[in-house]
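Below, each chain spelled out in residue letters.
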Amino acid sequence: MQTEPAPSLVGQEYEVEIGPVAHGGHCLARTDEGQVLFVRHALPGERVVVRVTDGEAGANFLRADAVRVLTASKDRVEAPCPFSGPGRCGGCDWQHAAPGAQRRLKAAVIAEQLARLAGLTPEQAGWDGTVMPAPGDKVAKGEVPAWRTRVQYAVDAEGRAGLRKHRSHDVEVIDHCMIAAPEVTELGVEARSWPQIATVEAIAATGSSDRQVVLTPQPGGRLPIVELDRPVSVLRIGERDHAVHRVHGRDFVRERAAGRTWRVGDGGFWQVHPKAAELLIEAVMQGLMPRKGDMALDLYCGVGLFAGALAERVGERGAVLGIESGKRAVQDARHNLQDLDRVRIEHGKVDQVLPRTGITEVDLIVLDPPRTGARLPTVRHLASLGARRIAYVACDPAALARDLGYFAQEGYRPVTLRAFDLFPMTHHVECVAILVPEAKAS
């Protein structure tokens, strides 16, 4: 017997008291019937009217937007961005919160994830409970730091550039993204038409004048002639192979960090905040305290940022092995570190390559896994290598906390944890945890 689907509650409004912040850029609330609401555009302690955006009767939870604020938090500000708000651009989560409040919200999320997934208090994690702004990002209430050096624009049916609405393929057409770095804004992507194009990624390198756009045509679409307001290289994503192809100019940009120039090709990964690379190198190296002659691993190594910093410190008697799954990133890492013969870069997934190396013992490990984390099998393997110190760089506090729980099962505990607000106005936060064997942590 076929059951009738539960009625949709989309559009239903409720007056609610907003509870604590939750991971993902929203806060918790409950309807009078006790149904959980994940509410965007609200702040803890506020009384608001919310409108359901997703969910049906009887569901475990509903998603909703705060559409009217009845009692405002002292941390609330008028969103500086004219494209922010319920049903509009989904790029920023906290435009309506003062900068200091945003960092407190992120700290609350980290603390909750540590407690729930790792069973750790901030003190047990070696964390002072704060999220630090990047240098130059400490702005006044109502101001927005322009930090994002890579912006992926969506293009609507009329060829206009914008950003996706929250949990939607719909495009919010914009004329300026306030968090975009000035060098991205100067390209003028929003000001021109992009017929037959699905997305435009704009990249502005830090420490060089390199600029790049990566175009994804619509199915069957042709590339337009690209004339932007600054000299720019153009790449395109192939419709069939989904690979990156050079149209004109360089197929890489040159980034600058730790006294070295880094080639990053095919629109590959690099930290989007201009201060992030230096900040993270400093945090990782201070935590690891490398010694001359150390053997070190750099896992999920990208274009070799941490491998290069480690190699400089372990000296000629030391050795560094980097492992990276992206083929082009491996090529770039080998190019970037070709003057350091004590560095070897292997191509493949960490959980597949590391066992094949035959390595049974190392001194130091740094891992910067994707948002999904390293996961239990990899954590077990790493713990078996007996490293003196492990640096875990994480862009997702849930994945970090989960993996810290796994490390605890294998005899490793965090001794320090630092959190950095490298994604202002969004819910994202970067953490660096330093782990040592249990015996040394006590």
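Quick note: structure is the one above.
Residues numbered from 1 in each chain as written. Predicted model: local features only at pLDDT ≥ 70, side-chain atom pairs only at ≥ 80, totals over all residues. Heavy atoms only, no water.

K.L.:
Lay out the sheet that holds strand β7 (residues 131-133) with the relevant residues and their values.
P.N.:
Either a parallel or an antiparallel arrangement is found when strands of a sheet pair, and the pairing is made through backbone hydrogen bonds. Reading across from one edge, β7-β22-β23-β21-β20-β17-β18-β19 is the order of the eight strands in this open sheet, with mixed pairing throughout. What marks the edges here is a single partner per strand, and that holds for β7 and β19 (343-347). If you compare each strand with its neighbour and ignore which way they point, the axes differ by 20° on average. Pairing between strand β20 (residues 364-367) and strand β21 (residues 389-394): four bridges, direction parallel. Bridging from a neighbouring strand, Val366 pairs with Ala391 of β21. Here helix α1 (residues 99-118) sits on the sheet in contact with β7, β22 (412-421) and β23 (430-437), set at roughly 145° to β7. (Pairing = 2+ DSSP bridges. Helix = DSSP H or I, 4+ residues; strand = E, 2+ residues; numbered from the N terminus. Axes fitted to C-alpha atoms, helices over the stretch in contact; angles between N-to-C directions. Contact = heavy atoms within 4.5 Å.)

K.L.:
Kindly report on the pairing of strand β15 (residues 252-257), identifying the contributing residues and their values.
P.N.:
Alternating residues of β15 divide into Val253, Glu255 and Ala257, all buried, and Phe252, Arg254 and Arg256, none buried. Across six bridges, the pairing between β15 and strand β16 (residues 260-265) is antiparallel. Pairing of Arg256 across the sheet is with Thr261, part of β16. The hairpin formed by β15 and β16 contains two residues between the paired strands, and Ala258 there has a positive phi angle of roughly 55°. (Buried < 20%, exposed > 50% of the residue type's maximum accessible area, 1.4 Å probe, protein only.)

K.L.:
Could you give an account of the packing of helix α7 (residues 376-384) against helix α8 (residues 397-409), with specific residues and numbers?
P.N.:
Running from N to C, α7 and α8 point in directions that differ by 45°, and their axes come no closer than 9 Å. The pairing of α7 with α8 is recorded here as oblique in orientation. Our pair here, α7 against α8, has a crossing hand that is right-handed. Residues Leu376, Val379 and Leu382 of α7 touch α8, and the partners they reach there are Asp403, Tyr406, Phe407 and Gln409. The class makeup of the residues in the contact of α7 with α8 is five nonpolar, one polar and one charged. (Parallel < 35°, antiparallel > 145°, perpendicular 65-115°, else oblique. Left-handed = near helix turned anticlockwise from the far one by under 90°. Nonpolar A, V, L, I, M, F, W, Y, C, P; charged D, E, K, R; others polar.)

K.L.:
Describe α7, listing the residues and the values that go with them.
P.N.:
Three or more residues of α7 are buried, namely Thr378, Val379, Leu382 and Ala383. On an axial view of α7, the arc spanned by its buried residues comes to 135°, and they lie on one face. Taken together, the buried residues of α7 touch β17 (295-299), α6 (350-356), β20, α8 and β22. Of the residues trailing α7, Gly386 is marked for its positive phi of about 70°. (Arc of directions from axis to C-beta.)

K.L.:
Please give an account of the environment of Ile323 that cites residues and values.
P.N.:
Examined against the element boundaries, Ile323 turns out to sit in strand β18 (residues 319-324). Given the relative accessible area of 0%, Ile323 is considered buried. For Ile323, the contacting residues outside a window of four places in its chain are Asp298, Leu299, Tyr300, Cys301, Glu346, Gly348, Lys349, Val350, Val353 and Leu354.

K.L.:
Could you give me a rundown of the side chain of Glu201, with the residues and numbers involved?
P.N.:
The residue Glu201 is located in strand β11 (residues 197-204) in this model. Among buried Asp, Glu, Lys and Arg side chains, Glu201 stands out as unpaired, with Arg150 the closest opposite charge at 4.7 Å. Setting aside residues no more than four positions away along its own chain, Glu201 makes contact with Arg150, Val151, Gln152, Gln212, Val213 and Val214. (Lys, Arg positive; Asp, Glu negative; His and termini not counted. Salt bridge = Lys/Arg side-chain N within 4 Å of Asp/Glu carboxyl O.)

K.L.:
Please set out the pairing of strand β13 (residues 233-237) residue by residue, giving values where relevant.
P.N.:
Most of β13 sits inside the fold, with four of its five residues counted as buried. Sheet topology note: the strand β12 (residues 211-217)/β13 ladder contains four bridges and is parallel. By the bridge assignment for β13, Gln212 is matched with Ser233. Sheet topology note: the β13/strand β14 (residues 244-248) ladder contains four bridges and is antiparallel. Paired with Val234 across the two strands is His248, which belongs to β14. Counted along the chain from β13 to the antiparallel partner β14, the turn is six residues long, and its residue His242 has a positive phi close to 55°.

Keep in mind these values describe shape, not function.
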